[in-house]
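Read off the chains here:
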Amino acid sequence: MTTATHPWNGVLMSTLDAAADPDAPLRPVTLPAEWDTEAAAALAQLVPGDDPIDLPTLANGWTRVFAPDSATARSLVWLLLTRQAAPTEAVWRCAFDRPPGFIVNLAAFVSPGEGFAARTFVAALRLICSVLRHTAESTASLRNGELPLPDLFAPAAPATGSAATQAEAPPLVAGDILLTNLDACLAGVGLDYDSEDGRAAACAIAALATLTAHAGRGPETLPLPPVRTVLPGLGETLRAVWAEAAVETDTPLAPVETGFSASNPVDGILGVEACGLAPVFSMLRPDGRLATSTRQRLEARGFTTETALAASLAGETVLPLPGAGAHLAMYRALTGFVDRMPARPEALPAPARQKLERGARRALSARHGGFTQKTSIGGHRLFMRTGEYEDGTLGELSLSPTRESSMVRGLMESFGEAVSIGLQYGAPLDAFVDNFAYSCFGPAGTVEGDPVASYATSMLDYVFRALSDAYLGKRLPDGPHQDAQTEPDPLLPLDLPGEDDTPSGQRKRGLRLVC
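Because the structure is predicted, anything quoted here is derived from the model rather than measured.

Structural notes on the packing of aromatic side chains
Argument step 1. Enumeration according to the criterion identifies eleven aromatic pairs in this entry.
Argument step 2. Ring geometry for Phe371 versus Tyr471: centroids 6.1 Å apart, planes at 20 degrees, classification stacked. Taken together, the residues Phe371 in the loop between helix H13 (324-334) and strand S11 (372-377) and Tyr471 in helix H16 (residues 459-472) connect sequence positions 100 residues apart. The same class applies to Phe371 as to Tyr471, namely buried.
Argument step 3. Between the NZ or CZ atom of Arg83 and the centre of the ring of Trp35, over which it lies, the distance is 4.7 Å.
Argument step 4. Above the plane of the ring of Tyr389 lies Arg362, whose end atom (NZ or CZ) is 3.9 Å from the centre.

Encoded structure:
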């Protein structure tokens, strides 16, 4: 049942009867008339109970917390009505004990015939970052889940320096910006999900979002620039945002982290076809009609609905659907361009590699896939790049440490080339992992930038554990910390206690030569 109601911010509203699940009783849900029953069911899932649901009332509840003025409130409402962005599930319930966040619908920034609206995208993200930082300040007393714990083993700070010590503590995360509906966005600009151009465009969009969220925090927080942008106008916007984001402000800004969303009820509010970075696995909507992304890809190929149906009946594959392999390839390509990645999709069983004759080399193609990862091991930065064959197996490794001596850089780069030659001549990656994982030498320490490891005993330990996780499907645990070793060094100490250093009342101990 549909009933027209009064407009809200110039948008005509209607009331639908919907429920969170088929067994639940129907509830009247007031929402924009252009939205479908899936959005009404999503609102019913977000708001528990049996009472009627009114979207303007719900939106006014969280805009009062987010918006410092009426102009910002109207802008947030407009992002919601255009289905460009919506707050996360906790914000709809006004639960501010955790960092708030917004889910950004990438497909809503694609204009027919104009491509991806990069400047509009940046403007929306800047608005979201400002309201997240404002909310982090106003709701700091409610966030009981992220209180920093004191270091129990650190020496106590003097009373006069306690304020300075607190000022140096890292700020709490202001909130999250989660991207979604990536495949529908690529379809809107005429790109296939399972293609090099599609992955390049996705990396450029993700990098643009992270650059905007990290603006004002200094160049150390910026992601690596993408190799190609593909989309018209996106390269110019990327360069402008990069130059602006690299300037560090005098007052440190609360960090806003980027990532990709997981499945949640907000997808229905935004009209999402595929959650996060996942592909659209079906060409049809739940009601049986063609999905928007399907119509856009048919138009990009010069098909109408009738000609596509005729070609399909004739046995032609009009639109090849991406599979799990394409999903994993997109995941690997986007790693390093956002702060947090979702759970890695399950990989298909690796095909049996062709047996090479002795001395035969399987070279990589000129254009190949892979991923780039920026990490820090014990404060020493490392860039790792991989090259993949068509079947997804590893065929090339490049290691580039920064701020190291020329000898260390040369050795690491030469080591990566040696591993690449071995892989291309058929050496199994398992052998490299068994021999070099958990190798112990400096620099070692905490790993920052990659969740695959929290501590590494060396740069090579991190590299081959990361390769094991990415290409062998085996996540190896952290090795023992070097600072946790309590056994004394077997060498004799350099400074031996003399007679003057021995406390009174204690027996002097001499050295005994053991043969």
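Picking up after the structure, the text goes on.
Quick look at the nonpolar core
Argument step 1. In this structure, Leu43, Trp92, Phe116, Phe121 and Ile177 are the most contacted members of the largest nonpolar core, which totals 88 residues.
Argument step 2. Those residues in contact with Leu43 that sit more than four places away from it in its chain are Val29, Leu31, Ile53, Leu55, Leu58, Trp92 and Ile269.
Argument step 3. Phe415, Leu423, Val463 and Phe464 belong to the second largest nonpolar core, which has 28 residues in total.

Looking at the sheet that holds strand S14 (residues 445-448)
Argument step 1. Spatially, five strands are ordered S13-S12-S11-S14-S15 in an open sheet, and the strand pairing comes out antiparallel. Two strands close off the open sheet at either side, each with one partner strand: strand S13 (394-401) and strand S15 (455-456).
Argument step 2. Bridge analysis of S11 against strand S12 (residues 380-388) gives six bridges, and the strand direction is antiparallel. Bridge pairing in S12 links Thr372 to Arg385.
Argument step 3. With respect to the sheet, helix H14 (residues 406-424) is in contact with S12 and S13, its orientation differing from that of S13 by roughly 180 degrees.

Notes on the sheet that holds strand S9 (residues 175-180)
Argument step 1. In spatial order, the strands read S5-S6-S9-S10; together these four strands make up an open sheet with mixed pairing. Each edge of the open sheet is held by one strand with a lone partner, namely strand S5 (85-87) and strand S10 (256-260). Across the sheet, the axes of successive neighbouring strands diverge by a mean angle of 25 degrees, strand direction being ignored.
Argument step 2. Judged from the five bridges that link them, strand S6 (residues 101-105) and S9 form a sheet pairing that is parallel. Looking across to S9, one finds that Phe102 is bridged to Ile177.

The rules behind these values
Every residue gets a number counted from 1 within its own chain, in the order that chain's sequence is written. Confidence filtering applies because this is a predicted model: local features only for residues at pLDDT of at least 70, side-chain atom pairs given and counted only at 80 or more, and all residues used for totals across whole chains, interfaces and linings. Each side-chain value is worked out from all heavy atoms of the structure, with water and hydrogens disregarded. Note on aromatic contacts: the rings of Phe and Tyr and the six-membered ring of Trp form a pair at centre separations within 6.5 Å, being stacked when their planes are under 30 degrees apart, edge-to-face when over 60 apart, and tilted otherwise. Labels follow the DSSP assignment, with helices taken as runs of H or I lasting at least four residues and strands as runs of E lasting at least two, numbered in each case from the N terminus. The cut-offs for exposure are 20% and 50% of the maximum accessible area for each residue type, with area from a 1.4 Å probe on protein chains only; residues under the lower value are buried, those over the upper are exposed, and the others partly exposed. Here, over-ring charges are defined by two tests on the NZ atom of lysine or the CZ atom of arginine: distance to the ring centre within 6 Å, and angle to the ring normal within 35 degrees. Buried residues of nine kinds, namely Ala, Val, Leu, Ile, Met, Phe, Trp, Tyr and Cys, make up a nonpolar core once their side-chain atoms join them within 4.5 Å. Should any heavy atoms of two residues lie within 4.5 Å, those residues are counted as being in contact. Strand pairing is defined by DSSP finding a minimum of two bridges between the two strands. Here, axes are lines fitted to C-alpha atoms. For helices the fit covers the stretch in contact, and angles between N-to-C directions go from 0 to 180 degrees.

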